[in-house]
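# Architecture and fold: a report
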Amino acid sequence: IAHSGEKAQQKNGRHKFFPARQTKHEVRNMAEHGFYRSSGAAWQRALPPELCRPDDGEVLRRGWDLLALDREGARRLTARGGLRCRTLLLPQGVWTEPLAVRQAVSYGPSPQSTLTLSSLTRRGVLCVQRQVTALDGSVIEPQDIPLPEAWGCWETEPLLLLAGVYLLLGRL
C-alpha cells in the first residue's frame, strides 16, 4: 500500500493516517528510523547508521518514520501488535494482521512483493513493482535499479531489506 507524499491532513488535532490514540505531539516525535531483529548478522553492518536497533519493548513504545523488519522481527511483532509507524518495510507474507501504517512496503522473491530482484548476477538489480513514497516525500515509480556491486555477497532477503532501506531513505 503506497500513498502520495503529501503531508498528513489533520482533523481535531489528530493525523488521519495514524490510529486515533495518537496526538499531534506523539506524531511529531516520530522522527526515528529503526531496524528490528533479535540477532546480529554480518550484513547488518551495511545498514545506515541512523537506523537504531530497538529492543522488544522500545519497538512498540515508540513511533517510527521508518521501521525495517526482517523475517524474525516480523514474526515476533505479529503476535504482539500495537506497532506505530509511518513506513513499514517487511518481508512478503509474514504479517497477517491489518496494519495501521501509512505505507507498507513488502520485499521478497514473490511477484506480489513491492520490492523484488529482477537479476541475481554479481550486481543485483532491484525491481520496484509498485509506486512507493520515500521518507522525504518523493514518489518512486516502478523501475529497475542496479544495486552496488559490493552487495552481491548477501543472500536475497537481506539484500532486499538493505535495498529497501536505502531506497526509502532516498539514497539508492
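Treat the numbers as computed from the prediction; the structure is a model and nothing was measured.

Looking only at helices and strands, the protein chain has four helices and twelve strands in total. Looking at the protein chain residue by residue over its 172 residues, the buried ones come to 48%. Looking at the protein chain alone, contacts between residues at least 24 apart form 43% of all its contacts between residues at least 6 apart. With an accessible surface of roughly 8,800 Å², the protein chain has 48% of that area assigned to carbon and sulfur atoms.

Of all five residues in strand β8 (residues 115–119), four are buried; the element is thus mostly enclosed. Bridge analysis of β8 against strand β9 (residues 125–128) gives four bridges, and the strand direction is antiparallel. Bridge pairing links Thr116 to Cys127 in β9.

Another aspect to go through is the packing of aromatic side chains. The final tally for this structure, using the stated rule, is one aromatic pair. Between Trp151 and Tyr166 the ring centres are 5.3 Å apart and the planes differ by 50°, which places this aromatic pair in the tilted class. In this pair, Trp151 sits in the loop between β12 (143–146) and α4 (156–168) while Tyr166 sits in helix α4, placing the two residues 15 residues apart along the sequence.

Before going further, it helps to examine the nonpolar core. Formed by 30 residues in total, the largest nonpolar core has its most connected members in Leu89, Leu126 and Leu161. Contributions of two or more residues to this core are made by β5 (64–69), β7 (101–107), β8, β9 and α4. The element that contributes the greatest number of residues to this core is α4, accounting for nine residues. Setting aside residues no more than four positions away along its own chain, Leu89 makes contact with Leu66, Leu67, Ala68, Leu69, Val105, Tyr107, Leu115, Leu161, Gly164, Val165 and Leu168. Within the second largest apolar cluster, 16 residues are counted, among which are Leu67, Leu69, Cys85 and Val101.

All of the buried residues in helix α3 (residues 71–78) are Gly73, Ala74, Leu77 and Thr78. Relative to the axis of α3, the buried residues are bounded by an arc of 130° and lie together on one face. Check the buried side of α3 and you find it contacts β3 (33–36), α2 (56–61), β5 and β6 (85–91).

We now examine the pattern of salt bridges. Inspection of the entire model under this criterion finds four salt bridges. As a salt-bridge pair, Asp65 and Arg86 come within 3.6 Å of each other at their nearest N and O atoms. Of the two residues, Asp65 sits in strand β5 while Arg86 sits in strand β6, which places them 21 residues apart along the sequence. For Glu157, the salt bridge identified is with Arg71, shortest N-O distance 2.4 Å. Of the two residues, Glu157 is situated in helix α4 and Arg71 in helix α3; the sequence distance between them amounts to 86 residues.

Once that is clear, we can look at the environment of Asp70. As for its position among the elements, Asp70 is in the loop between β5 and α3. When its relative accessible area of 4% is taken as the criterion, Asp70 is described as buried. Separated by 34 residues in the primary sequence, Asp70 and Tyr36 place their C-alpha atoms 7.0 Å from one another. Among the polar contacts listed, one links the side chain of Asp70 to the backbone nitrogen of Gly73, at a separation of 2.7 Å.

This next bit is on the confidence of the model for the protein chain. Per-residue pLDDT for the protein chain has a mean of 78; in total, 78% of the residues score no lower than 70. Note that pLDDT drops below 50 for residues 1–31; the model gives that stretch 53 contacts with residues more than four away or on any other chain.

Topologically, Ser106 is positioned in strand β7. Within polar-contact distance, the side chain of Ser106 engages the side chain of Gln92 at 2.7 Å. Contacts of Ser106, omitting those with residues within four sequence positions, involve Leu90, Gln92, Gln112, Ser113, Thr114, Leu115 and Arg130.

The rules we used
Residues numbered from 1 in each chain as written. Predicted model: local features only at pLDDT ≥ 70, side-chain atom pairs only at ≥ 80, totals over all residues. Heavy atoms only, no water. Helix = DSSP H or I, 4+ residues; strand = E, 2+ residues; numbered from the N terminus. Buried < 20%, exposed > 50% of the residue type's maximum accessible area, 1.4 Å probe, protein only. Contact = heavy atoms within 4.5 Å. Areas by Shrake-Rupley, 256 points an atom, 1.4 Å probe, with all protein chains shown as cover. Pairing = 2+ DSSP bridges. Phe/Tyr/Trp six-rings, centres within 6.5 Å; stacked < 30°, edge-to-face > 60°. Core = buried A, V, L, I, M, F, W, Y, C linked by side-chain atoms within 4.5 Å. Arc of directions from axis to C-beta. Salt bridge = Lys/Arg side-chain N within 4 Å of Asp/Glu carboxyl O. Polar contact = N/O pair within 3.5 Å; in protein donor to acceptor, adjacent residues only side chain to side chain. pLDDT = per-residue confidence, 0-100.

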